[in-house]
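An overview of the molecular structure
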Amino acid sequence: MLSVLRVHLPSDIPIVGCELTPYVLLRRPDKTVTTDDVPEAAPLDGHFLRYKWYRVQSDKKVAVCSVHPSEHATLQCLGCLKAKIPVTKSYHCTPKCFSDAWQHHRVLHDRAASAVNENGNEEEELFGRYNNSGSGSINSGLSASGSSANLTNGSAPVYPAAVTQRSGGETWFEVGRSKTYTPTADDIGHVLKFECVVVDAETKLTVGHASTILTSRVIPAPSPSPRRVIAVDGRGHSDTDGCLTSPGPFTVLSYNILSDAYASNDLYNYCPSWALSWPYRRQNLLREIVSYRADIICLQEVQSDHYEEFFAPELDKHGYCGLYKRKTNEVFNGNISTIDGCATFFRRDRFSHVKKYEVEFNKAAQSLTDALIATTQRKTALNRLVKDNVALIVVLEAKVNNQPVDNLGKRQLLCVANTHVNVHQDLKDVKLWQVHTLLKGLEKIAASANIPMLVCGDFNSVPGSAPHALLAMGKVDPSHPDLAVDPLNILRPYSKLVHQLPLVSAYSSFARTVGLGFEQHKRRLDSTTNEPLFTNVTRDFIGSLDYIFYTADSLVVESLLELLDEESLRKDTALPSPEWSSDHIALLAGFRCCKNRSRR
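Read on for an overview of the structure. (Residues numbered from 1 in each chain as written. Predicted model: local features only at pLDDT ≥ 70, side-chain atom pairs only at ≥ 80, totals over all residues. Heavy atoms only, no water.)

**Looking at the overall build of the protein chain**
Here is the rule: The helix and strand labels rest on DSSP assignments: H or I over at least four residues marks a helix, E over at least two residues marks a strand, and numbering proceeds from the N terminus. Think of it in three bands: with a 1.4 Å probe and only protein chains considered, a residue is buried below 20% of the maximum accessible area for its type, exposed above 50%, and partly exposed in between. We call two residues contacting when some pair of their heavy atoms lies within 4.5 Å. With residues, only the protein chains shown are counted as cover, and all accessible areas are computed by Shrake-Rupley using a 1.4 Å probe.
Check the secondary structure of the protein chain and you find 13 helices and 27 strands. Per-residue burial over the protein chain gives 54% buried out of 600 residues. Counting contacts in the protein chain only where the partners sit at least 6 residues apart, residues at least 24 apart contribute 75% of the total. Of the roughly 26,200 Å² of accessible surface on the protein chain, a fraction of 49% belongs to carbon and sulfur atoms.

Structure representation (structure tokens):
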């Protein structure tokens, strides 16, 4: 007969919005062991499995710390309540917790005050889209001075009154009848119980005892301080007299989301295991990505199974079409579905897909070695050059009022390149060669179409490196120290390390914009290159690796997503963290198309 051998949950802590999928080990009537489901619609030997989820509520009310969500809150910042900041951000577990977090916490107060002063009720725009953890009800009689951070005991959310079971001061609410369950805001601070039992298909009576398991208390999904989009003056590199009023401005997001295959507990042991788990990170990443409302999204380190099973269908619900290029796998021996790649999404009401180009650097490496490397050295050369990196190039056509432009003379095309360059720091020649190969391919497209171009991605190259210099300056100085690493002589002559695309880094527009309020943004830039001080933050490294480049003869930067600073990340905190689910930060730029001038 069908029987349940074991039930357990893979996640330590249940989080609001993150689906819980129990592991149920069964013994089939033939004595074989399986984890396959046996639903009522397809019984096995006259039996099926029935599932139930319960919320266990104690008479004792509970609030959860906003900094340490696995801890109960004992203090509440009343300044948050007056500023109408999401209530879950107001709780702290200890006075020390509140004191340590104050520099970061104060930013919430400042932004809330600024939003009210500028827009009256703009706090919903600033905070609402990020407040996915739910807030419940707060005692409306609580009040405090906005200039001081007063503390009081936290109050609890109000929950439904329907009672299923009651025993020893506990109330059990039935909240689900499927195998999986996604905790809601009503579950915050409470234990969940999962129940699995074998049922006779004919009599509908249970057979044997139910297998149950209790979770730890549900915590809200931590949400970071929202990043504002800042209007900038990007006219320093373009002829704005030729700017087009149609099809209008658009935004581009570039984000390395950290593949689950690389998110190991050993590598990121400073991040809580529940916050590093893919079920949590995927929901947090999706919330963040959708909140930016970008017209074009370039993601790196997207596993092929996660693209097919999660990002493509989920972003489709938000109006996006997607294209994907998986890394090649000549040097990969694991599960092919976990190989990552580049994914480019675009709003279907703003753009239509015209053409797709795939750049496989491995194929380019094979062609290079066949042409330049002696036969006896080709194996060594390929071992160095073959690293499976790829680029995805997409040509899009802008729509006006959700319709393509019929007049061919008025068509507005846009070429978007999305890439992830090799990570190894001792392969400086390979990085530069990959970037050069991509740019030469883009030059061919530009020669045939002469359309605006965006080059986005994780280039694994810091500002001032040879790959960055090639992108930003169009050439590499022959005396550049990176050129000293060239065992295969693939970079010589150095005079070939050039391109004719008028590329400019979008974030350098912060440095060119004058006016009140921009000094804080300029302090987050490298003074030599005008690139962000960091886009990648781990315990072992902090620096910029990600960029959005654009052709300055045909595009103008109008806005940028503000950069993070140490206060936003909280002192001594590396990424990923419960708030930010990648070790990279997202970059976003708003553009407007202009008439093309001659290429440099």
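**Details of the pairing of strand β16 (residues 340-347)**
Our working rule: A pair of strands is considered paired only if DSSP assigns at least 2 bridges between the two.
Counting buried positions over the eight residues of β16 gives eight, a clear majority of the element. Across six bridges, the pairing between strand β14 (residues 296-303) and β16 is antiparallel. From the neighbouring strand, V302 faces β16, where its bridge partner is G341. Bridge count between strand β15 (residues 320-326) and β16: seven bridges; the pairing is antiparallel. Looking at β16, one finds that Y320 is bridged to R347.

**Observations regarding helix α7 (residues 361-372)**
Turn by turn, an α-helix covers 3.6 residues, leaving residues three or four places apart pointing in a common direction. Counted only if it meets this: Expected span of a helix: the number of residues minus one, times 1.5 Å. As used here, the arc is the angular range of directions from the helix axis to the C-beta atoms.
Along its 12 residues, α7 runs 16 Å from first to last C-alpha, staying within 8% of the 16 Å computed at 1.5 Å per residue. Within α7, the full set of buried residues consists of F361, N362, A365, L368 and T369. Buried positions in α7, seen along its axis, are confined to an arc of 115° and lie on one side of it. Across from the buried face of α7, at angles greater than 90 degrees, the exposed residues are K363 and A371. In this fold, the buried residues of α7 make contact with β17 (351-360), α8 (378-385), β18 (390-400), β20 (413-420) and α9 (428-449).

**Focus: the nonpolar core**
Quick note on the threshold: Nine residue types can take part in a nonpolar core, namely buried Ala, Val, Leu, Ile, Met, Phe, Trp, Tyr and Cys, and a core is a set of them joined through side-chain atoms within 4.5 Å.
With 65 residues, the main nonpolar core has F250, I296, L454 and F591 as its most contacted residues. The next biggest cluster of nonpolar side chains, apart from the first, holds 43 residues, and it includes V395, L432, Y547 and F549.

**Comments concerning the packing of aromatic side chains**
Short version of the rule: Two rings from Phe, Tyr or Trp (for Trp, the six-membered ring) form a pair when their centres are within 6.5 Å of each other. A pair whose planes differ by under 30 degrees is stacked, one over 60 is edge-to-face, and the rest are tilted. For a lysine, the NZ atom is tested; for an arginine, the CZ atom; a charge sits over a ring if that atom is within 6 Å of the ring centre and within 35 degrees of the ring normal.
In total, this model carries 19 aromatic pairs according to the counting rule given. Taken together, a centroid distance of 5.8 Å and an interplanar angle of 45° make the contact between Y547 and F549 tilted. Note on Y547: relative accessible area 1%, which makes it buried. These aromatic residues form a ring-pair network of at least three members: Y51, W53, Y181 and F194. In this structure, K193 packs its charged tip against the face of Y54, placed 5.1 Å from the ring centre.

**Notes on the pattern of salt bridges**
Pairing is possible between side chains of opposite charge, provided their charged atoms come close. Here is the rule we go by: In what follows, salt bridge is the name for a side-chain nitrogen of Lys or Arg lying within 4 Å of a carboxyl oxygen of Asp or Glu.
Throughout the structure, instances matching the rule amount to 20 salt bridges. In this structure, R55 engages D187 in a salt bridge whose closest nitrogen and oxygen atoms are separated by 2.6 Å. Within this pair, whereas R55 is found in strand β4 (residues 47-58), its partner D187 is found in the loop between β9 (170-176) and β10 (191-200), the two being separated by 132 residues in sequence. For the pair R55 and D187, a shared accessibility class is recorded, and that class is buried. K317 serves as the salt-bridge partner of E314, at 3.1 Å between the closest nitrogen and oxygen. Of this pair, E314 and K317 both sit in helix α6 (residues 304-317), three residues apart, which is roughly one turn of that helix. Since its relative accessible area comes to 21%, E314 is described here as partly exposed. Classification of K317 by relative accessible area gives exposed; the value is 61%. Here the salt bridges share partners, and the residues they tie into one network are K325, K356, E358, E360 and K363.

**Observations concerning the sheet that holds strand β3 (residues 33-34)**
Spatially, β1-β2-β3 is the arrangement adopted by the three strands of the open sheet, whose pairing is antiparallel. Across the chains shown, the open sheet's two edge strands, defined by having one partner strand only, are β1 (3-8) and β3. In this sheet, strand β2 (residues 23-27) lies alongside β1 in antiparallel orientation, the contact comprising five bridges. Within β2, the position partnered with S3 by the bridge is R27.

**Some thoughts on the packing of α7 against α8**
Stated formally: Axis definition: a line fit to C-alpha positions, over the contact stretch in the case of helices; interaxial angles, taken between N-to-C directions, run 0 to 180 degrees. Roughly parallel refers to an angle under 35 degrees, roughly antiparallel to one over 145, roughly perpendicular to one between 65 and 115, and oblique to any angle outside these ranges. By convention the crossing between two helices is left-handed if the near helix lies anticlockwise of the far one by an angle smaller than a right angle, and right-handed if it lies clockwise.
Close contact between α7 and α8 brings their axes to 10 Å; oriented N to C, the two are set at 155°. Our classification of the angle between α7 and α8 gives roughly antiparallel. By crossing handedness, the relation of α7 to α8 is classed as right-handed. Across the interface between the two elements, N362, A365, Q366, L368, T369 and D370 of α7 pack against R378, A381, L382 and L385 of α8.

**Quick notes on the environment of E202**
Within the fold, E202 resides in the loop between β10 and β11 (206-217). Taking the C-alpha atoms as reference, E202 lies 7.1 Å from G46; in sequence the two are 156 residues apart.

**Some remarks on the side chain of H420**
Put simply, the test is: As used in this structure description, the phrase polar contact means that two N or O atoms lie within 3.5 Å; if the pair is within protein, one of them must be able to donate a hydrogen and the other to accept it, and residues adjacent in sequence are counted only when both atoms belong to side chains.
With respect to the helices and strands, the residue H420 is situated in strand β20. Within polar-contact distance, the side chain of H420 engages the side chain of D458 at 3.1 Å. Polar contacts involving the side chain of H420 include one to the side chain of N460, which spans 3.4 Å. Once you skip the residues sitting within four places of it in the chain, H420 turns out to touch N256, Q300, E301, K327, D340, C342, N389, V390, D458 and N460.

None of this, on its own, says anything about what the molecule does.
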